[in-house]
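# Close look at the chain arrangement
Listed here are the chains, written in short residue letters.
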Amino acid sequence: MVLIPLVRDYVDRMLHDIPGMKVLVLDPQTIRAQVGMVSVVYSQSDLLRKEVFLVETMDNASSSRESMAHLKAVYFLRPSADNVQKLRRHLAMPRFAEYHLFFSNILKIPQIQILADSDEQEVVQQVQEFYADFCAIDPYHFTLNIQNNHMYMLPTVVDPPGMQSFCDQAVDGIASVFLALKRRPVIRYQRTSDVAKRIAQETARLMYEQESGLFDFRRTENSSLLLVIDRRDDPITPLLNQWTYQAMVHELIGIESNKVDLRGFSNVPKDQQEVVLSSVQDDFFRANMFENFGDLGMNIKRMVDDFQHLSKSSLNLQSIGDMAKFVSNYPEYRKTHGNVTKHVALVSEMSRIVEERKLMLVSQTEQELACTSGQAAAFEAVTSLLNNESVSDIDRLRLVMLYALRYEKESPVQLMQLFNKLASCSAKYKSGLVQFLLKQAGVDKRTGDLYGNRDLLNIARNMARGLKGVENVYTQHQPLLFQTMEGIVKGRLRDADYPLVGNHFQQGRPQDVVIFIVGGTTYEEARSVALYNAANPGVRFFLGGSVVLNSKRFGRGTKDIEVKHYYNMSYMVHLLFEEYRSMITDSVDCALHRIKFV
């Protein structure tokens, strides 16, 4: 069973066993209310069929004083201290006839005692834990929607409470996934990442010590693996423009919990201002979410042609029987009409953005920076695009970032020239953002073989790809995650790079693998996971992270740190120390080189 059916099953069990009219009270998972995990796997019509006539957030339920004694309240909440305190106030002055409390993660004994003491009028009918403290975007892809995602890039000393909160949310979400899957995994982490190590160790402590009885699924012991890695190991993937449907929508427009906000676009119909892209609810999207932009256009044309044929046949009603048949099929007709309008609107807007920002030209250079070597040609191509007035500031910044990550050690003079050019062309983005990215995710910080320069097999593959050519130059990039998955399946993941936590060892190839990326996932990586699972039925990979990134969100995290923490004294001390250590190291290297030369 994969992630979306797991969460849907939880919601089914909550609502099916409570007869009568109900109100569903949720904990908001994002800034916008009611865009949490339930809205991803359940449509509004699904809820109505379960006699749910009202959906409220915790805050709305707190502010209202209107009595609704004819309704039964079904609460589905994270067991956070804040939610427990709000719920305590709700129970002290109950508005509903009954309260059925469901928590998406482990509820602590003191919290249970607080709720019991607050239920003086005995309105609580049940308290249960349904483990869904994550947002299931697709069958093999989940996110935790952590708002303070930039914390993973900070030294621990800068904001200890913020870092602890970030790690706590990550551990809780990971634990919830494994409780839903009924697995207790062997745990590994990326050696070069302090935050990945911390999350892995705290997760192991929870699973094997604090709540060992809860995770004691003996039949599946050691058949699953959790690998915690750091986004900074592959900063390339979230910086690239995307050309497959789901990833492209997120890159150019943005997706939040499977919802796309189109209110800022002038040519979008009013009834399509906010649309849902769900592989569960939308057959066309499920079939085309991984298709490239060219094939997608042809498939949408076929869908429009089919709908026009259906519309013409619906106008040709010759008898009472024809009308009765049309009325019975009307909901499906309306659904098809909505789907056609939605996908045409999305593709039209993306086509406009591609043309306006000259993204086909920009993306070809991006892919060459990510996939092929050749510093001189790359410098010339990036310089040309920086001088092109049609290229947007954000695209200029990404090009310089991609060049810097690729050639940081090879061409410092040319890199400085690009910094100066970026500063003169794009006043909004400073070259300091690029330098900060290099400090965070430069070659000295990374574990994986990002460009295939160290592994002989990868070098051979890159040579073969260069000789044969690439079917589509815009989608030739392959995330580092693909190599990681192959390393796990073939037993090539080095213990020195990805140590085990504790004394729990994998016996044979794992059946279920959860790869959690601290700092966020991308839809390109989710596509790689889905395609890999389809081609390798012996093992199931699940991809999760703190958020789902596109280039804007990834860059915004870097900018947030620069703005919020640049003047923080402890952070400045840290940066000065790192700079001083780097200077000393460089001086020693130069001295050793001179001695060797003499």
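Check the entry above for the structure.
One structure accompanies this document, and this report is about it. What you see is a predicted model, and the numbers here were worked out from it, not measured in a lab.

For the rest of this paragraph, the subject is the overall build of the protein chain. The helix and strand tally for the protein chain stands at 23 helices and 13 strands. Among the 598 residues that make up the protein chain, the fraction classed as buried is 53%. Considering only residue pairs separated by 6 or more positions, the protein chain has 81% of its internal contacts joining residues 24 or more positions apart. When the accessible surface of the protein chain is split by element, carbon and sulfur atoms take 53% of a total near 28,400 Å².

Our focus in this paragraph is the nonpolar core. In this structure, Phe134, Phe166, Ile199, Val228, Tyr403 and Phe516 are the most contacted members of the largest nonpolar core, which totals 99 residues. No other element matches helix H7 (residues 160–181), which puts 12 residues into this core. Each residue touching Phe166, except ones within four places of it in the same chain, is listed here: Ile146, Asn148, Asn149, Met151, Tyr152, Val195, Ile199, Val518 and Ser546. Listed in part, the 33 residues of the second largest apolar core include Trp243, Ile300, Val340 and Leu359.

Strand order in the open sheet made by the five strands is E2-E1-E3-E4-E5, with parallel pairing throughout. Across the chains shown, the open sheet's two edge strands, defined by having one partner strand only, are strand E2 (52–57) and strand E5 (124–129). Direction aside, the axes of adjacent strands within the sheet are offset by 20 degrees on average. Relative to strand E3 (residues 68–77), helix H1 (residues 3–16) is tilted by about 155 degrees, and along the sheet it contacts strand E1 (22–26), E2, E3 and strand E4 (96–103).

In this section: the packing of helix H5 (residues 81–92) against helix H6 (residues 109–118). Where H5 contacts H6, the axes come no closer than 9 Å and their chain directions differ by 15 degrees. Accordingly, the angle class assigned to the pair H5 and H6 is roughly parallel. For the pair H5 and H6, the crossing hand works out as right-handed. Contact residues: H5 offers Ala81, Val84, Gln85, Leu87, Arg88, Leu91 and Ala92, while H6 offers Gln111, Ile114, Leu115 and Ser118. When its residues are assigned to classes, the contact of H5 with H6 shows seven nonpolar, three polar and one charged.

Turning next to a nonpolar patch on the surface. Side chains of Met21, Leu48 and Phe53 sit close together on the surface and give an oily, nonpolar patch of about 290 Å² of accessible area. If you trace the backbone, Phe53 turns up in strand E2.

Look at Glu122: it is not a glycine, yet its phi comes out positive at around 55 degrees. For Asn145, which is not glycine, the phi dihedral falls at a positive 50 degrees. Note that Asn145 resides in the loop between strand E7 (141–143) and H7.

Before going further, it helps to examine the pattern of salt bridges. Taken as a whole and judged by the stated rule, the model has 31 salt bridges. Asp305 serves as the salt-bridge partner of Lys301, at 3.2 Å between the closest nitrogen and oxygen. Of this pair, Lys301 and Asp305 both sit in helix H11 (residues 293–315), separated by four residues, roughly a single helical turn. As a salt-bridge pair, Lys490 and Glu486 come within 3.9 Å of each other at their nearest N and O atoms. Residue class for Lys490 comes out partly exposed when judged on its relative accessible area of 44%.

This brings us to the side chain of Asp230. Along the chain, Asp230 turns up in strand E9 (residues 224–230). Engagement of the side chain of Asp230 in a polar contact is seen with the side chain of Ser193, the distance being 2.7 Å. Among the polar contacts made by the side chain of Asp230, one reaches the side chain of Arg232 at a distance of 2.8 Å. Sequence-distant contacts of Asp230, defined by excluding residues within four places in its chain, comprise Tyr152, Gln190, Ser193, Val195, Ile517 and Val518.

This model, assessed by the stated rule, comprises 13 aromatic pairs. Ring plane angle 75 degrees and centroid distance 5.6 Å describe the contact between Phe482 and Tyr532, whose orientation is recorded as edge-to-face. On the criterion of sequence distance, the pair formed by Phe482 in helix H20 (residues 480–489) and Tyr532 in helix H21 (residues 523–535) is long-range, its members being 50 residues apart. Its relative accessible area of 7% is what places Tyr532 among the buried residues.

Time to look at helix H8 (residues 194–210). Residues that lie three or four places apart on an α-helix share one face, since the helix turns once every 3.6 residues. A rise of 1.5 Å per residue sets the reference length of H8, with its 17 residues, at 24 Å; its end C-alpha atoms lie 22 Å apart and thus fit the reference within 8%. Of the positions making up H8, those classed as buried are Val195, Ala196, Arg198, Ile199, Ala200, Glu202, Thr203, Ala204, Leu206, Met207 and Tyr208. Looking at the packing, one finds that the buried side of H8 touches H7, strand E8 (186–189), E9 and strand E12 (512–518).

Its 14 residues place the ends of H1 20 Å apart at the C-alpha level, agreeing with the 20 Å of an ideal helix rising 1.5 Å per residue. Every buried residue of H1 is accounted for by Leu3, Ile4, Leu6, Val7, Tyr10, Val11, Met14 and Leu15.

Now for the pairing of E1. Counting buried positions along E1 gives five out of five residues, so the element sits mostly inside the fold. Alternating residues of E1 divide into Lys22, Leu24 and Leu26 and Val23 and Val25, and every residue in both groups is buried. In terms of strand pairing, E1 meets E3 through five bridges, oriented parallel. Paired with Val25 across the two strands is Tyr75, which belongs to E3. With five bridges connecting them, E1 and E2 associate as parallel partners. Looking at the pairing, Val25 lines up with Glu56 of E2.

Turning to the packing of H7 against H8, a few remarks are in order. H8 packs onto H7 with a crossing angle of 50 degrees between their chain directions and a minimal axis gap of 9 Å. One finds that H7 runs oblique with respect to H8. For H7 against H8, the interelement crossing comes out right-handed. Each of Met163, Gln164, Phe166, Cys167, Asp168, Ala170, Val171, Ile174, Ala175 and Phe178 in H7 lies in contact with H8, whose residues at this interface are Val195, Arg198, Ile199, Glu202, Thr203, Leu206 and Met207. Along the lines of polarity and charge, the residues of the contact of H7 with H8 split into 12 nonpolar, two polar and three charged.

Parameters at a glance
Residues numbered from 1 in each chain as written. Predicted model: local features only at pLDDT ≥ 70, side-chain atom pairs only at ≥ 80, totals over all residues. Heavy atoms only, no water. Helix = DSSP H or I, 4+ residues; strand = E, 2+ residues; numbered from the N terminus. Buried < 20%, exposed > 50% of the residue type's maximum accessible area, 1.4 Å probe, protein only. Contact = heavy atoms within 4.5 Å. Areas by Shrake-Rupley, 256 points an atom, 1.4 Å probe, with all protein chains shown as cover. Core = buried A, V, L, I, M, F, W, Y, C linked by side-chain atoms within 4.5 Å. Pairing = 2+ DSSP bridges. Axes fitted to C-alpha atoms, helices over the stretch in contact; angles between N-to-C directions. Parallel < 35°, antiparallel > 145°, perpendicular 65-115°, else oblique. Left-handed = near helix turned anticlockwise from the far one by under 90°. Nonpolar A, V, L, I, M, F, W, Y, C, P; charged D, E, K, R; others polar. Patch = residues over 30% accessible without salt bridge, like charges linked within 9 Å, V, L, I, M, F, W, Y side chains within 5 Å. Salt bridge = Lys/Arg side-chain N within 4 Å of Asp/Glu carboxyl O. Polar contact = N/O pair within 3.5 Å; in protein donor to acceptor, adjacent residues only side chain to side chain. Phe/Tyr/Trp six-rings, centres within 6.5 Å; stacked < 30°, edge-to-face > 60°. Expected span 1.5 Å × (residues − 1).

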